[in-house]
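Notes for the structure review
Chain by chain, the residues run as shown.
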There are 2 protein chains.
Amino acid sequence: MEKTKRSERLGALTRILTDTPNRIHTLSEFCERFGAAKSTISEDIDLVSASLERNDLGRLETVAGAAGGVRYRAIPSKAKAHRILMEVAEKLSQPGRMLPGGFLYNSDISSDSVIAQSMGEILAAQYYDRKPDFVLTMETKGIPIALMTARMLDVKLVIARRDSRAYEGSAVKINYIAGGGNDRIETMALARRAVQPGQRALIIDDFMKGGGTLQGMVDMMREFQAEVVGVGVMIATAEPKAKRVEGAKSLLILEGFDREKGTAIVHPSEMYQ
Amino acid sequence: MEKTKRSERLGALTRILTDTPNRIHTLSEFCERFGAAKSTISEDIDLVSASLERNDLGRLETVAGAAGGVRYRAIPSKAKAHRILMEVAEKLSQPGRMLPGGFLYNSDISSDSVIAQSMGEILAAQYYDRKPDFVLTMETKGIPIALMTARMLDVKLVIARRDSRAYEGSAVKINYIAGGGNDRIETMALARRAVQPGQRALIIDDFMKGGGTLQGMVDMMREFQAEVVGVGVMIATAEPKAKRVEGAKSLLILEGFDREKGTAIVHPSEMYQ
């Protein structure tokens, strides 16, 4: 390809790297695409990296070794994560979201693609080190956030279903205790081919009250001989304090409801305050 | 803010614009952020635009008027859309995806975040002109593609459920005929607050066989007095030719199965060949 000027490369270079979070690109890939020398591309990358970091838009990381190259991670600063979570907490605290039975209407928030992506960025940032092979969620409301987390980690998303559907092929089915006070027994199904033994699972959901559904997903992973490397949710209720699942991290805490105003009391969890 | 050099701006500028597809940013926003004059930012935008277009990575568009500014749309060229769809068709044609009852195992494909985003980009490109207010899908498998389509259009995602859940508040419930040969009557529910009368709905799903579920969504929108401005799916079966829903567009066609090889026969639809 013909030679290009720096100002003609930076836009495309940024788009390619930031559009494939956590994926390693070799310098050769860019040398070929832009018809530029390695040293030139390397300088380009430094410039993009500085521009992104300076504006709190994530960072480029150089990975050494034979499979090395450069990758983008959307890791937000603590201040940015706090600001985003405060905005979401404010939305969740709007009047009219209190539903009978101590539930919070959050479907519009958890399926908002911009919010889901922000949540995915903040959640993924916690789990890069755990090197998950896939993200697991249970249908339905957690899917957008789980998908965006998977996108940030560059791993696949696996969705457990309430029943095994004809178009999923043979499936593993388990029973689990869905908390929420009345301890119903529910069923969860997962296509047999969706997970391989020895793989590392990151479990993500939008909402945790008793933690029963999350523990169901942990049990499901045991059936597949997969290892659970983390459990993360967008919102957890403060009560009950003891959750059925261990070690779950939440971005936001639902303290309860102000019954007079009819509003939820939501704030960022301790690590984002 | 202090002045910045062009090479320090282009990375951040590209990231901000491409990370918020279809959202209009004013030049003043960037002038303030980067401490640069309007004419300078305008030149930056031209450079980023040229870099993206030259590399088939979407385009920046200038919107005139009081609410004007610049926005990014990820519209792929016909050649790129064709290439992406050929890759997906190839994956769907791998052995072992044929399931009893003429179903195709596509859960791993439709929930792959990279594929879902590509599908979202190609689908959204068809509907920018129709100016939808939201994307509607029915749980579960269509959610990733619908979410990514909504993200590209910068509109919200609305998810219809198989039953009304306690945590969704009051809901509208309808019955519809789920095709697939045996004409089962199924139920679809949607939170009353999810859609306002007069809004414009774009219906997106991953798979269409008889079109019954999609027609169910059309019926649901009538209940909400919302207007359906388009119906798009990732894969449609060639048979039955007559679908219950009218005017649905599909990216890929499932012609049938090669029963000897146990593989699906999938190809891009006419407009992407």
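Residues numbered from 1 in each chain as written. Chains lettered and ligands numbered in written order. Predicted model: local features only at pLDDT ≥ 70, side-chain atom pairs only at ≥ 80, totals over all residues. Heavy atoms only, no water.

1. Digging into the relation of the copies chain A and chain B
- Superposing chain A onto chain B requires a rotation of 180° together with a translation of 0.0 Å along the rotation axis, leaving an RMSD of 0.0 Å. Interpreted geometrically, this transformation is the action of a two-fold axis. (Least-squares fit on C-alpha atoms with pLDDT ≥ 70 in both.)

2. Structural notes on the nonpolar core
- With 120 residues, the main nonpolar core has Met119(A), Val135(A), Leu252(A), Met119(B), Val135(B) and Leu252(B) as its most contacted residues.
- With residues near it in sequence (within four places) discarded, Val135(B) still touches Ala146(B), Thr149(B), Ala150(B), Leu153(B), Val155(B), Lys156(B), Leu157(B), Val158(B), Leu202(B) and Ile204(B). (Core = buried A, V, L, I, M, F, W, Y, C linked by side-chain atoms within 4.5 Å. Buried < 20%, exposed > 50% of the residue type's maximum accessible area, 1.4 Å probe, protein only. Contact = heavy atoms within 4.5 Å.)

3. Some details on the sheet that holds strand 12 (residues 263-268) of chain B
All names here are of chain B.
- Pairing in this open sheet of 6 strands is mixed, and the strands run 6-5-9-10-11-12 from one edge to the other. For this open sheet the edge positions go to strand 6 (156-160) and strand 12, each flanked by a neighbour on one side alone. Each adjacent strand pair in this sheet contributes to an overall mean axis angle of 25°, direction not counted.
- As defined by bridge partners, strand 9 (residues 200-208) adjoins strand 10 (residues 227-237) across 8 bridges and the pair is classed as parallel. Paired with Met208 across the strands is Ala236, a residue of strand 10.
- Running over the sheet, helix 4 (residues 78-92) touches strand 10, strand 11 (249-258) and strand 12 and is turned about 170° from strand 12. (Pairing = 2+ DSSP bridges. Helix = DSSP H or I, 4+ residues; strand = E, 2+ residues; numbered from the N terminus. Axes fitted to C-alpha atoms, helices over the stretch in contact; angles between N-to-C directions.)

4. With respect to the sheet that holds strand 10 (residues 227-237) of chain A
Residues and elements named next belong to chain A.
- Across the sheet, which stays open at both edges, the 6 strands sit in the order 6-5-9-10-11-12 with mixed pairing between neighbours. Both edges of this open sheet fall to strand 6 (156-160) and strand 12 (263-268), since each of them pairs with a single strand only. Taken pair by pair, the neighbouring strands of this sheet meet at an average axis angle of 25°, ignoring direction.
- Here 6 bridges tie strand 11 (residues 249-258) to strand 12, and the two strands are oriented antiparallel to one another. Looking across to strand 12, one finds that Gly256 is bridged to Ile265.
- Where helix 6 (residues 113-127) meets the sheet, its contacts fall on strand 9 (200-208), strand 10 and strand 11, and the angle it forms with strand 10 comes to roughly 140°.
- Contacts between helix 8 (residues 212-223) and the sheet are confined to strand 5 (134-138), strand 9 and strand 10, with strand 9 contributing the most and set at about 165° to the helix.

5. Looking at the environment of Ser28(A)
All names here are of chain A.
- Position of Ser28 relative to the elements: it lies in helix 2 (residues 27-34).
- Given the relative accessible area of 35%, Ser28 is considered partly exposed.
- In sequence terms Ser28 and Ile41 are 13 residues apart; their C-alpha atoms lie 9.0 Å from each other.

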